[in-house]
There are 4 protein chains.
Amino acid sequence: VKYTSGGQRNDPALKPTHADVSYGPHERNVIDLYLAESKTPTPLVLGALRGRVVLLHAFQLLCPGCVANSIPQIQRIERTFAQSDLQIIGLHTVFEHHDAMLPVTLRAFLHEYRIASPVGVDLADESSPIPVTMRRYQFRGTPSSVLIGRDGVILHQTFGAEEDLVVGARIAMALATSRGSE
Amino acid sequence: VKYTSGGQRNDPALKPTHADVSYGPHERNVIDLYLAESKTPTPLVLGALRGRVVLLHAFQLLCPGCVANSIPQIQRIERTFAQSDLQIIGLHTVFEHHDAMLPVTLRAFLHEYRIASPVGVDLADESSPIPVTMRRYQFRGTPSSVLIGRDGVILHQTFGAEEDLVVGARIAMALATSRGSE
Amino acid sequence: VKYTSGGQRNDPALKPTHADVSYGPHERNVIDLYLAESKTPTPLVLGALRGRVVLLHAFQLLCPGCVANSIPQIQRIERTFAQSDLQIIGLHTVFEHHDAMLPVTLRAFLHEYRIASPVGVDLADESSPIPVTMRRYQFRGTPSSVLIGRDGVILHQTFGAEEDLVVGARIAMALATSRGSE
Amino acid sequence: VKYTSGGQRNDPALKPTHADVSYGPHERNVIDLYLAESKTPTPLVLGALRGRVVLLHAFQLLCPGCVANSIPQIQRIERTFAQSDLQIIGLHTVFEHHDAMLPVTLRAFLHEYRIASPVGVDLADESSPIPVTMRRYQFRGTPSSVLIGRDGVILHQTFGAEEDLVVGARIAMALATSRGSE
């Protein structure tokens, strides 16, 4: 993906922390991440994630289903798989109420909900309310999540809530895949 | 209460819709309400509330306990007492993350969470992070709620979540009081 | 109601503790209660309940909806209205799996679920799987509940679960009725 | 294990369906199962379970924690792993209220709670309130569960409730072990 100029956007601070990073063999296996600032930095070098299982969860802080179901589930996933090499990455995919969910709002939200894993801001698209990564992954809305295997291939993509048992089993299956099988 | 000048505040639009309205005999029985704009206007003339039971609930949209517990409870109260003359009034009492919870954020929040009853914005205080009504009622935090009887006297004030059974019983008791007993 | 002979039943111990007790003006306002034995006796003289609000809840210990919803709700009602003169009375209305739910099973159930209010066993009917009180009240199944006002008149009768807010409000309304209004 | 005589027990029908069946290399790897009768028989030949993952869950039908938490979790596990070769086995380990939880009560319970996987009755011990299998596994109470790997070795044993995410992940990990690794 190419952005002719970040400067055309209202907030020039919103340059991707990591742009167009490839995380797999497929042409769609690129991601732009906009890391929320943090006093306790949680650096993320996507290139280094090859070989690890990645759980990407897309949400909006004003989405009732996200706040009631998927954010608490992410907190439980963080706790359950703390000893594994699972990498959880949040993606704030604002596709409505853009004025209401600014980076400063997201920062306060992450603080209040004690999300420990890194969260990026999906890049706003000047020609559409749908942000760039959301459109590329064809998310139907929020919450959405993507589970990426050690080999960079998408194992599962879903819209809406799923049961903890199913999610726990799926992540464990992905983690059980040996690195040698990449 | 006197505000030397609303104009000293950043957002001159934030004048109270109704300031210093008395709703009871006590000196503390005044309220400032800042009604969120609405396409389907829900006018509120506080003076007209004398004789009705009023449930005032204070919240912040980034307060996890409010979103998980008190907002859904307010929705259930709206439904349960829809046929009564109970007047529910929300109060957005921002005492932290002020930059993150702007009126535009509140408006989107109310839309997403389908709050039907009117919600005011507590007046920011230039000399303190605690807004004016919150300080006056001495709320310890959010969520807080105040139940006001038909005679304008505070029947109950609480901080934190309470069980539905208790809340339902208390509101019903207040409603059962005849208007003649004011 | 007349039972030709308690002796015709398998368990002659199952005579009603209180039979045909009138609790209101209507011909249907009679109840048979079979109190579960208890080491800490909870005496119940139905005639003395006139003037009090009575919540009668019918359940079966093997009814999943009863165990998941109505029994915990009864526990919350016991707690919430502990200071009121509400009288809660359980009724074990076995209409299926009769062999599986003996008095000894009920006794263990009440112990494990810490039901503090008295519970009677609905009288089995020799000619029908539906026990006597259940048929008389025309309960459609379990859980069912009946709220009886201070004057002995049924205020509300319901089948299935209801929201705590609704139940709390209804009981409070009944309690708010003065004894003088009987 | 030796039972001097099944005939000494009150209910001579309670002979184990499968006694002392070995399911692994360890001396403790034997189990007695008493299958609840069923109109739609669910045969279980324990010897045939070698090579499969087995989840053994011990419960009592009058145990509130079992009914509120572990039985619904077993239902979710049945659903989540329906396509796998996981074998779920229930064990009714009555260690209190023996008179209250007869086989007929268990049968009605399994019917009402729609447990699809086979359930055995733990053999009562004439010299102790603790039944035989419960004592052998040293269960501290109910609910308890044991996860047995494809090779017959106990992977995990727990007392009380665990989070769905943890349980789902653990079962998936066990299932991910190839049969060749036995």
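For clarity, every value in this text was computed on a predicted model and none was experimentally measured.

### Notes on the packing of aromatic side chains
Throughout the structure, instances matching the rule amount to 12 aromatic pairs over all chains. Among the aromatic residues, ring-to-ring pairing joins F59(A), F109(A) and Y113(A) into one connected group.

### What to know about the environment of R79(A)
Inspection of the secondary structure puts R79(A) in helix α1 (residues 64–80). A residue is classified by how much of its surface remains accessible, and R79(A), at 52% relative accessible area, is exposed. Once the C-alpha coordinates of R79(A) and A58(A) are considered, the two residues, 21 residues apart in sequence, prove to be 19 Å apart. Among the polar contacts made by the side chain of R79(A), one reaches the side chain of E163(D) at a distance of 2.6 Å.

### Some words on the state of the cysteines
Residue and element names in this part refer to chain B. Under the criterion given, the structure shown has four disulfides over all chains. In this model C63 forms its disulfide with C66; the gap between the sulfur atoms is 2.5 Å. Here the S-S torsion is close to 80°, and the disulfide linking C63 with C66 is therefore right-handed. Judged by its relative accessible area of 0%, C66 is buried.

### With respect to helix α2 (residues 103–113) of chain A
All of the buried residues in α2(A) are T105(A), L106(A), A108(A), F109(A), L110(A), E112(A) and Y113(A). Residues of α2(A) that are buried sit in contact with β3 (54–59), α1, β4 (87–92) and β5 (119–121) of chain A together with α1 (64–80) and α2 (103–112) of chain B. Just past α2(A), the residue R114(A) takes up positive phi, approximately 55°.

### Regarding the environment of I148(D)
Residues and elements named next belong to chain D. Relative to the assigned elements, I148 resides in strand β6 (residues 144–148). By relative accessible area, which is 6% here, I148 ends up buried. The spacing of I148 and L86 is 62 residues in sequence and 10.0 Å in space, taken between C-alpha atoms.

### Details of the pairing of strand β7 (residues 154–159) of chain A
Residue and element names in this part refer to chain A. Of the strand pairs in this sheet, strand β6 (residues 144–148) and β7 are connected by five bridges, and their pairing is antiparallel. Counterpart to L147 in the pairing with β7 is H156. Hairpin connection from β6 to β7: five residues lie between these consecutive antiparallel strands, with G152 at a positive phi of about 85°.

### Regarding the relation of the copies chain D and chain A
At an RMSD of 0.0 Å, chain D and chain A line up after a rotation of 180° and a shift of 0.0 Å along the axis. The operation mapping one copy onto its partner corresponds to a two-fold rotation axis. The fraction of interface residues of chain D whose copies in chain A are also interface residues reaches 100%, indicating that both copies meet through the same surface.

### Points about the relation of the copies chain C and chain D
Note on the copies: chain C fits chain D at an RMSD of 0.0 Å, the axial shift is 0.0 Å, and the rotation between them is 180°. The share of interface residues of chain C whose copies in chain D are also at the interface is 100%, consistent with both copies meeting through the same surface.

### A closer look at the side chain of T142(D)
All names here are of chain D. Within the secondary structure, T142 sits in the loop between α3 (132–137) and β6. T142 gets classed as buried once you look at its relative accessible area, which sits at 12%. Among the polar contacts made by the side chain of T142, one reaches the side chain of Q60 at a distance of 3.3 Å. Once residues lying within four places of it in the same chain are set aside, the contact partners of T142 are A58, F59, Q60, C63, C66, T93, F95 and F159.

### Topic: the interface of chain C and chain D
Counting residues at the interface gives 16 residues for chain C, matched by 16 residues for chain D. At the boundary of chain C with chain D, the tally comes to zero salt bridges. When residues of the side of chain C that touches chain D are traced back to their parent elements, those giving at least two are α1 (64–80) and α2 (103–112) of chain C. For the side of chain C that touches chain D, the element with the highest residue contribution is α2(C), accounting for six residues. Grouping the amino acids of the side of chain C that touches chain D by side-chain chemistry returns 10 nonpolar, three polar and three charged.

### What about empty space enclosed by the protein?
All names here are of chain C. Tallied over the full model, the rule gives seven cavities of 30 Å³ or more. In this structure, the largest cavity spans a volume of roughly 210 Å³. Lining the largest cavity are 20 residues, with L55, Q73, S145, T158 and V167 sitting closest to its centre. Contributions of two or more residues to the lining of the largest cavity are made by β3 (54–59), α1, β6 (144–148), β7 (154–159) and α4 (164–176). Here the lining of the largest cavity is composed, by residue class, of 10 nonpolar, eight polar and two charged.

### Points about the sheet that holds strand β6 (residues 144–148) of chain B
Residue and element names in this part refer to chain B. Spatially, the five strands line up as an open sheet ordered β5-β4-β3-β6-β7, and their pairing is mixed. Two strands close off the open sheet at either side, each with one partner strand: β5 (119–121) and β7 (154–159). Averaged over neighbouring strand pairs, the angle between their axes works out to 15° when direction is ignored. When strand β4 (residues 87–92) meets β5, the two strands line up parallel, connected through three bridges.

### What to know about the sheet that holds strand β5 (residues 119–121) of chain C
Residues and elements named next belong to chain C. Pairing is mixed across the open sheet formed by five strands, whose spatial order is β5-β4-β3-β6-β7. At either end of the open sheet lies a strand with only one pairing partner, and these are β5 and β7. Averaged over all pairs of adjacent strands, the angle between their axes in this sheet comes to 15°, without regard to strand direction.

Parameters and conventions
- Residues numbered from 1 in each chain as written.
- Chains lettered and ligands numbered in written order.
- Predicted model: local features only at pLDDT ≥ 70, side-chain atom pairs only at ≥ 80, totals over all residues.
- Heavy atoms only, no water.
- Phe/Tyr/Trp six-rings, centres within 6.5 Å; stacked < 30°, edge-to-face > 60°.
- Helix = DSSP H or I, 4+ residues; strand = E, 2+ residues; numbered from the N terminus.
- Buried < 20%, exposed > 50% of the residue type's maximum accessible area, 1.4 Å probe, protein only.
- Polar contact = N/O pair within 3.5 Å; in protein donor to acceptor, adjacent residues only side chain to side chain.
- Disulfide = S-S within 2.5 Å.
- Contact = heavy atoms within 4.5 Å.
- Pairing = 2+ DSSP bridges.
- Least-squares fit on C-alpha atoms with pLDDT ≥ 70 in both.
- Salt bridge = Lys/Arg side-chain N within 4 Å of Asp/Glu carboxyl O.
- Nonpolar A, V, L, I, M, F, W, Y, C, P; charged D, E, K, R; others polar.
- 1 Å grid on protein atoms, 1.4 Å probe; cavity = no way out; pocket = protein on both sides within 12 Å on 5 of 7 lines; lining within 4 Å.
- Points joined across faces, edges and corners; volume = space filled by probe spheres on them.
- Axes fitted to C-alpha atoms, helices over the stretch in contact; angles between N-to-C directions.

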